[in-house]
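In case you want the letters, here they are:
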Amino acid sequence: MPQMTRQYFVYILASPSRTLYTGVTNDVVKRLHQHRAGRGSRFSAKYRVSRLVYVEETTDIIAAIAREKQIKSWTRAKKVALIESVNSAWADLNQDLS
């Protein structure tokens, strides 16, 4: 029986005022629902960070965690540039995942 390849996602959420949250998950749709229900993290609940504005995918969990840490260490300007390189309108990318 062939082994299924796991997928991992590094994602950035934004609030209406563009407060940013970076995370990693193996189920981005489920995790987004958790954030939107106020159960994703205290930070995302407090700042209403629930719009998916950036996502990248990998099959390597170690690489995903390293990338999350890398992005979290960046300045806000660098994070904004990353988001705008693929999503200049800051549109909610959730519908692209369903």
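Our structure is the block above this text.
Residues numbered from 1 in each chain as written. Predicted model: local features only at pLDDT ≥ 70, side-chain atom pairs only at ≥ 80, totals over all residues. Heavy atoms only, no water.

Draft legend 1. Region of interest: helix H3 (residues 61-73). A rise of 1.5 Å per residue sets the reference length of H3, with its 13 residues, at 18 Å; its end C-alpha atoms lie 18 Å apart and thus fit the reference within 8%. Residues of H3 that are buried: Ala64, Glu68 and Ile71. The buried side chains of H3 occupy one side of the element, clustering within an arc of 70° when seen end-on. Relative to its buried face, H3 has exposed residues pointing more than 90 degrees away, namely Ile62, Lys69 and Ser73. Turning to H3, the residues buried within the fold contact strand E1 (8-14), strand E2 (20-25), strand E3 (51-58) and helix H4 (76-86). (Helix = DSSP H or I, 4+ residues; strand = E, 2+ residues; numbered from the N terminus. Expected span 1.5 Å × (residues − 1). Buried < 20%, exposed > 50% of the residue type's maximum accessible area, 1.4 Å probe, protein only. Arc of directions from axis to C-beta. Contact = heavy atoms within 4.5 Å.)

Draft legend 2. Up close: the packing of aromatic side chains. This structure, assessed with the given rule, holds 3 aromatic pairs. The interplanar angle of 40° and the centroid separation of 6.3 Å between the aromatic rings of Tyr11 and Tyr21 together place this pair among those described as tilted. One end of the pair, Tyr11, is in strand E1; the other, Tyr21, is in strand E2, and 10 residues separate them in sequence. Considering the side-chain rings of Phe43 and Tyr47, the 4.7 Å spacing of their centres and the 40° angle between planes classify their relative orientation as tilted. Here Tyr47 and Phe43 lie together in helix H2 (residues 42-47), a separation of 4 residues that amounts to about one turn. Judged by relative accessible area, Tyr47 falls into the partly exposed class, the value being 36%. An aromatic cluster of three or more residues is present, and its members are Tyr11, Tyr21, Phe43 and Tyr47. (Phe/Tyr/Trp six-rings, centres within 6.5 Å; stacked < 30°, edge-to-face > 60°.)

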